[in-house]
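Here are the chains, one letter per residue:
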Amino acid sequence: MTPTGLIDVHAHFVTDAYADAARSAGIEHPDGMPGWPTWSVEQHLDLMDGAGIATSYLSVSSPGVHFGDDRAARALAREVNEFAARVRAAHPHRFGQFASLPLPDVEGALTEAAHALDVLGADGVAVETNHHGLYLGDPRLEPLWDALDRRGALVFVHPTSPPHADAVDLGRPRPMLEFLFDTARAASDLLLRGVLARHPRIRWVLTHGGGALPLLADRIDLFRAVTGGDGPGAVEQLGRLWYDMAGTPFPRQIPALDAAFGTERLLYGSDYCWTPAEAARAQIASVDAAAPPSATDTWRDLTTRNAHRLFAA
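First, a word on scope: everything that follows refers to the structure included in this document. Source: prediction; values computed, not measured.

The secondary structure content of the protein amounts to twelve helices and ten strands. In terms of C-alpha radius of gyration, the protein reaches 18 Å, essentially the compact-globule figure of 20 Å for 313 residues. Principal-axis analysis of the C-alpha atoms gives the protein an extent of 55 × 50 × 40 Å. Of all 313 residues assigned to the protein, the portion counted as buried reaches 55%. Total accessible area on the protein stands at roughly 13400 Å², and carbon and sulfur atoms take up 55% of it. Of the charged side chains in the protein, 26 are positive and 39 negative, and the gap between their average positions amounts to 4 Å.

Dropping the structure here:
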């Protein structure tokens, strides 16, 4: 049998102009990583063809597009979004797009979200777990969530370094640990500030199996008596979000996610090109080799079926 083609919701691109803009802002080692990866459409398609990935949804990874100046961030967001739209137009069955927003500039983000969704036809928008310390539950972001909720938009939440990361990363690359903690921190902020309850039509996608969230959901519920929060319990609300399996899904991450929230909203993610092609292929091999989720499904079948439901909503 021909394996089911994966739908990759966590795929990145890096252009020379984008990397140059980041370097000009002093970002030579993004999030403590050794440097910037290279990317091309041809390299990405080569990985997809060899690994059995049918479609990849492209987004800009951390550190995003805002390097301290609102006007420059708006221009850079427009540039990378129009680039990704051209890639998708040239390969309409192979690539989708989650558009970058110039947060924490809320006015600029509202303008760019409308342009990306209405003019470019983007499949959703991408935000970071925090934007220069502005977390996603902050009341200043309510106009953006209101607009995206009215649209029933997809919001892809990518992790980034927390504020004062140098004080906690112990000199190690932040994607190793801090990204996973910041995903849990951002999700808990959305929950405890009532954003999830107020904006039920937004389709939130969290990365890396929710990071540390599956292990903390019960503890968040325990503390809601002190912290408050609208709507049902934490596990129920967090179980309504979507999660990708980028990173190290097996043997432990996805079983932990399954125990907390189930796999009805589990999606595939490669994290290419920040994850090198060789590592992305090894991750797919681990997915294909893992014990299947049921007697009738493979992880490819399950995640691809879930992705079709996500994008049909």
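Further remarks concern the pairing of strand β2 (residues 53-59). One face of the sheet, then the other: side chains in a regular strand alternate in exactly this way. With six of seven residues buried, β2 lies mostly within the body of the structure. With three bridges joining them, β2 and strand β3 (residues 95-100) adopt parallel strand pairing. Opposite L58, over in β3, you have Q97 as the bridge partner.

Across the sheet, eight strands lie side by side as β1-β2-β3-β4-β7-β8-β9-β10; this open sheet has parallel pairing. Two strands in the sheet have a free side with no partner beyond their single neighbour: β1 (6-12) and β10 (266-267). Here strand β8 (residues 203-206) pairs with strand β9 (residues 242-244) via two bridges, running parallel. Each residue of the ladder has a partner; that of L206, found in β9, is Y243.

In a pair of packed helices, the angle between the axes and the distance between the axes together describe the arrangement. Viewed as axis vectors pointing N to C, helix α8 (residues 213-227) and helix α10 (residues 249-261) meet at an angle of 30°, and their least axial separation amounts to 8 Å. On the basis of their axis angle, the class for α8 and α10 is roughly parallel. Here L213, P214, L215 and A217 of α8 lie close against α10, whose contacting residues are A256, L257, A260 and F261. Looking at the contact of α8 with α10, its residues break down into eight nonpolar, no polar and no charged.

As a further point, take the nonpolar core. Counting residues in each nonpolar core, the largest one holds 79 residues, and the members touching the most others are W145, L148, V155, W204, L213, L238 and W299. Setting aside its immediate chain neighbours within four residues, V155 contacts V125, V127, W145, L148, I202, R203, W204 and V205. In terms of nonpolar packing, the next biggest core, distinct from the first, is built from twelve residues, V9, Y57, F156 and L267 among them.

Moving on, we come to unusual backbone geometry. The linkage connecting L103 with the following residue, P104, adopts the cis geometry, with an omega of 15°. Residue placement: P104 occurs in the loop between β3 and α4 (106-119). Residue Y272 is joined to C273 through a cis peptide bond whose omega torsion reads 10°. Even without a glycine there, the phi angle at H132 is positive, about 55°.

Another point: the pattern of salt bridges. Taken as a whole and assessed by the stated rule, the structure comprises 16 salt bridges. Residues E236 and R240 are paired through a salt bridge, measuring 2.7 Å at the closest nitrogen-oxygen approach. As a salt-bridge pair, R305 and D297 come within 2.6 Å of each other at their nearest N and O atoms. Each of D20, R23 and E28 takes part in salt bridges that share partners, so that together they form one network.

The end-to-end C-alpha distance of α8, which contains 15 residues, comes to just 17 Å, noticeably less than the 21 Å that a straight helix rising 1.5 Å per residue would cover. By the largest-angle criterion, D221 marks the main kink of α8, which is about 35°. Listed as buried for α8 are L213, P214, A217, I220 and R224.

Moving on, we get to the side chain of S56. Tracing the backbone shows S56 in strand β2. Once you skip the residues sitting within four places of it in the chain, S56 turns out to touch D8, A11, H44, M48, R94, F95 and G96.

Conventions we followed
- Residues numbered from 1 in each chain as written.
- Predicted model: local features only at pLDDT ≥ 70, side-chain atom pairs only at ≥ 80, totals over all residues.
- Heavy atoms only, no water.
- Helix = DSSP H or I, 4+ residues; strand = E, 2+ residues; numbered from the N terminus.
- Rg over C-alpha atoms; globule rule 2.2 N^0.38 Å.
- Buried < 20%, exposed > 50% of the residue type's maximum accessible area, 1.4 Å probe, protein only.
- Areas by Shrake-Rupley, 256 points an atom, 1.4 Å probe, with all protein chains shown as cover.
- Lys, Arg positive; Asp, Glu negative; His and termini not counted.
- Charge placed at Lys NZ, Arg CZ, Asp CG, Glu CD.
- Pairing = 2+ DSSP bridges.
- Axes fitted to C-alpha atoms, helices over the stretch in contact; angles between N-to-C directions.
- Parallel < 35°, antiparallel > 145°, perpendicular 65-115°, else oblique.
- Contact = heavy atoms within 4.5 Å.
- Nonpolar A, V, L, I, M, F, W, Y, C, P; charged D, E, K, R; others polar.
- Core = buried A, V, L, I, M, F, W, Y, C linked by side-chain atoms within 4.5 Å.
- Salt bridge = Lys/Arg side-chain N within 4 Å of Asp/Glu carboxyl O.
- Expected span 1.5 Å × (residues − 1).
- Bend = angle between axes of the 7 residues up to and from the residue.

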